[in-house]
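Given next are the chains, with one letter for each unit.
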Amino acid sequence: SSCSSLKTDESGNMVFFGENLDESSTMSEDNEILLRRAPRFTGYDNSRKQVYPMSQGSCSDQKIADNGTNRDSINEIKESILEACLSSIPQRKLGRGKLSLPAFVFDIDGVFKNGGKYAEFGAKAIRKLQRAHIPYVFMTNGGGGRTEKQYAEVMNEKLSQFDSEGRGPAEYVRENQMILSYTPFRTHLTHLKNEPVLIVGCPRAIHTARKYGFTRAMALSEYARRHPTMNPFKKGGCEKDGKVITTGIKERWNENFRAVLVFTDPQDFFEALQIVTDVLLSSRPGEQEFEPSHRIPIVFSNPDLLWKTQYAHARFGQGAFRLSLEACYKARMQAMGLNREEIDDRLNDFIQFGKPEPAQFIHARTAALTQAEGKGQDGCSISHFYMVGDNPRSDITGAVRMQKLLTDNKESK
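Since we're looking at a predicted model, the values are computed, not measured.

J.: I tried to follow the overall build of the chain on my own but got confused; where do I start?
T.: Summing up its helical and strand segments, the chain has 11 helices and 20 strands in all. Expressed as a percentage of its 413 residues, the buried residues of the chain come to 50%. At a minimum sequence separation of 6, the contacts of the chain that also span at least 24 residues come to 67%. Carbon and sulfur atoms make up 47% of the accessible area of the chain, which totals about 20,700 Å².

J.: I keep staring at the nonpolar core and nothing clicks. Help me out?
T.: One broad rule of soluble globular proteins: the nonpolar side chains tend to lie buried together. Counting residues in each nonpolar core, the largest one holds 41 residues, and the members touching the most others are F138, F185, F214 and L261. Looking at this core, the element that brings in the most residues is helix α3 (residues 148–160), giving 4 residues. Listed in part, the 30 residues of the second largest apolar core include A224, F300, F321 and Y329.

J.: Mind showing me how you'd approach unusual backbone geometry here?
T.: With omega at 5°, the peptide bond leading from K355 into P356 counts as cis. As for its placement among the helices and strands, P356 is situated in the loop between β19 (350–352) and α10 (358–373). Although it is not a glycine, H133 adopts a positive phi angle of roughly 55°.

J.: Whenever I open this one, the sheet that holds strand β16 (residues 298–300) confuses me. Can you help?
T.: By way of backbone hydrogen bonds, the strands of a sheet pair with one another, either parallel or antiparallel. Taken in spatial order, the 5 strands line up as β14-β13-β15-β16-β19 in an open sheet, and their pairing is parallel. Strands at the two margins of the open sheet, each flanked by one partner only, are β14 (217–219) and β19. Averaged over all pairs of adjacent strands, the angle between their axes in this sheet comes to 25°, without regard to strand direction. Here strand β13 (residues 197–200) pairs with β14 via 3 bridges, running parallel. From the neighbouring strand, V197 faces β14, where its bridge partner is A217. Most of the contacts of helix α7 (residues 269–281) go to β13, to which it runs at about 160°, and overall it touches β13, β15 (259–262), β16 and β19. Running at roughly 165° to β19, helix α8 (residues 318–335) makes contact with β15, β16 and β19 of the sheet.

So, how was this worked out
Residues numbered from 1 in each chain as written. Predicted model: local features only at pLDDT ≥ 70, side-chain atom pairs only at ≥ 80, totals over all residues. Heavy atoms only, no water. Helix = DSSP H or I, 4+ residues; strand = E, 2+ residues; numbered from the N terminus. Buried < 20%, exposed > 50% of the residue type's maximum accessible area, 1.4 Å probe, protein only. Contact = heavy atoms within 4.5 Å. Areas by Shrake-Rupley, 256 points an atom, 1.4 Å probe, with all protein chains shown as cover. Core = buried A, V, L, I, M, F, W, Y, C linked by side-chain atoms within 4.5 Å. Pairing = 2+ DSSP bridges. Axes fitted to C-alpha atoms, helices over the stretch in contact; angles between N-to-C directions.

This is how it looks when you write it as structure tokens:
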């Protein structure tokens, strides 16, 4: 009969759940969703809705049993896995009226949605956690340039469309449960809020940057408009076949940016590569191509090379832009004759946020702890963090780091 595998390491700290199962095969290890620190299971009794704990010393590779009955759809398999997880959640008493609960951290792209297409099971999953009073947060390496409030509003609207239990608009996520790729910019880059910074991203990004308090932020598109000859392949033609740009006024190169902040993937990939390289080399690139004393950081919000959209296969993400920029910037410095040591030193000005960086998971951990403190007679603490995602390198690596933070600080004790 069809089933999915649960695998644990030697310590029993890892369980794998298949995502892309068909009706007649076990799951593919290339498409697994990892759930860290989960209890170990031996079998699932579909008739009694029970999970049997795995005894110590049992085989580490077990399957969710099916009572010999062939299930006729992937949805039934996923449902049994979900029930198995929720049925096994530990709720330990910690003194009078205080519980220790797990917390769930959900990735969004590739889990709740592919591109703009939302999954039908999302609302049902969240309602189960709400009924169980379990803390949960959403954490994405995206954001689309929206604020946390705007993104939460979009998710609530989309999820409610598939809520079979709801009777109108519902609240599945609040602003303080939403961790976007650039959320840490608001708290970790306060020293730049009154400095001129160049914002790379979609058109919405500049508005979010200003709401975060970056009072002197300028969008890359605005900078390009002020200096129209920087991009020779602009839609207007620029250097093509006799096209000559004349502005009628002398350009002023007085922006003097203190940093470049990459909120989202650039709207114009080539333009961003060219202009950001120029800005990293000089504070006034139209007057002086390279200033040896000019050094500013560039801060990225998302390291993912690939991400899941509605297309059948993964697409390049912001990580591809960083790789491209590093290659172009390095090649440009080599052409200028900079030595290897100086080139490497300048490449160290690249700063990375986003999963699996610790700063990202600190925000998620704080949001989950805040929720836990509001539950129960005397509040709750968090026993484990469970990460549900589609990218082991970002989602699961980060979840392990977050669990370590919780253990090291002993805030769940």
